[in-house]
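What follows is each chain in one-letter form.
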Amino acid sequence: MANVRLENVKKVYEGGVVAVHEMSLEIQDKEFVVLVGPSGCGKSTTLRMIAGLEEISEGTLWIDGVVMNDTPPKDRDIAMVFQNYALYPHMSVYENMAFGLKLRKFPKEEIDRRVREAASILGIEEYLDRKPKALSGGQRQRVAVGRAIVRKPKVFLFDEPLSNLDAKLRVQMRTEISRLHRRLEATMIYVTHDQTEAMTMGQMIVLMKDGYVQQVDSPLTIYNKPKNKFAAGFIGSPSMNFFEGIIEKGRSLVFQEKGGGVRFTIPRTLEPRVRPSLGKDIILGLRPEHLYDPSTAPRTKAGTPWKVQVEVVEPMGNEIYLYFSTGKNKQQYVARIGAQSTPSVGKPFELMFDLSGSHFFDPETERAL
């Protein structure tokens, strides 16, 4: 396999529209890297530049130490799995998987060995004689992955391959792709807009927005130590709550939400981070799992309950998503509380806020403090 390196890579379309801004990134050999971000952030464009399906406007791309800017896609030794499977409808599964090898004049025995080996890995041996129309979406996706495996490329590229599958199949396929990565020990670059896929599959996450890389880190590092408000809000489900307020000085430092909402005493361990913002606007970030029903909260989560107004209750089986508002601004927030809690829509409810898991952001730059 091989490493992939992008140095100041930029993509500009006609009319001066910049899709990717001077992106520098190094993907190690055998690493599973996920490019994630909202629609239009440049992640698929980046993948297509690596594949050679889009020209690089500026910068340099290396694959296995060789500059690939002007190398045709067929000579890059990569294999790409597309969102729409891209299978030939008139060919059988076997023929679809063998087609690329036939074009490269591989011996029939080698083609047969590779196809059957890939089919065994993916559990599709019994479908080799079928046409794509006789397969389910998940089976078609396995065929598309198998077609990539038989090539034994230096780099595997996945462009939102699970977005056409139902929820249950998506969970199943993402575990299979992760297992496949461990078995093949391959370099894989995976594009998705689904942060759950990114968190569960990637060894490293490249988080993008508006053509810029926001953060490159392991999934848990981005989750626990986001570098800016966008990273904090995008990674995690439900999203992080953001309270706009000001830092005031009392007996200790205090966060006061705008509109007369929640008012928190800042834990002494967090004071050094917010002291420079005394008297200034600040954004407090709290994940939904750091809010508790006082009657069921762990004993270690001591604190003063705060009364909120319940807007929406979503029972999830093992837990409840509780959407609420505070103060006069009526901004909606969300808490993940235990299924044994009994909130009612339109009525006040007490919550405890665990500030030990809080994040603070500059409202102008949106960078983490």
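Below, the structure is looked at part by part. Remember, predicted model here, so these are calculated numbers, not experimental data. (Residues numbered from 1 in each chain as written. Predicted model: local features only at pLDDT ≥ 70, side-chain atom pairs only at ≥ 80, totals over all residues. Heavy atoms only, no water.)

The strand order across the open sheet formed by 6 strands is β6-β7-β8-β3-β9-β10, and the pairing between neighbours is mixed. Bordering the open sheet on either side are β6 (78–81) and β10 (212–217), each of which pairs with just one other strand. Taking the axes of each pair of neighbouring strands and ignoring which way they run, one obtains an average angle of 15° across the sheet. Bridge count for strand β7 (residues 155–159) against strand β8 (residues 187–192) is 5 bridges, and the pairing is parallel. Bridging from a neighbouring strand, Phe156 pairs with Met188 of β8. In the packing of helix α5 (residues 167–184) onto the sheet, the strands contacted are β3 (32–36), β7 and β8, and the crossing angle to β8 comes to about 165°. (Pairing = 2+ DSSP bridges. Helix = DSSP H or I, 4+ residues; strand = E, 2+ residues; numbered from the N terminus. Axes fitted to C-alpha atoms, helices over the stretch in contact; angles between N-to-C directions. Contact = heavy atoms within 4.5 Å.)

Closest axis-to-axis distance for the helix α4 (residues 137–149)/α5 pair is 11 Å, and the angle between their directions is 15°. On the basis of the axis angle, α4 is roughly parallel to α5. For the crossing formed where α4 meets α5, the hand is right-handed. On α5, the residues that touch Gly138, Gln141, Arg142, Val145 and Ile149 of α4 are Leu169, Gln172, Met173, Glu176, Leu180 and Leu184. Residues that form the contact of α4 with α5 fall into these classes: 6 nonpolar, 3 polar and 2 charged. (Parallel < 35°, antiparallel > 145°, perpendicular 65-115°, else oblique. Left-handed = near helix turned anticlockwise from the far one by under 90°. Nonpolar A, V, L, I, M, F, W, Y, C, P; charged D, E, K, R; others polar.)

This brings us to the packing of helix α2 (residues 93–103) against helix α3 (residues 108–122). When two helices pack together, their arrangement is given by the angle between the helix axes and the distance between those axes. One way to put it is that α2 packs onto α3 with a least axis distance of 10 Å and a crossing angle of 135°. For the element pair α2 / α3, the angle class is oblique. For the pair α2 and α3, the sense of crossing is right-handed. Here α2 contributes Tyr94, Met97, Ala98, Leu101 and Lys102 to the contact with α3, which in turn contributes Ile111, Asp112, Arg114, Val115, Arg116, Ala118 and Ala119. Considered class by class, the residues forming the contact of α2 with α3 number 8 nonpolar, no polar and 4 charged.

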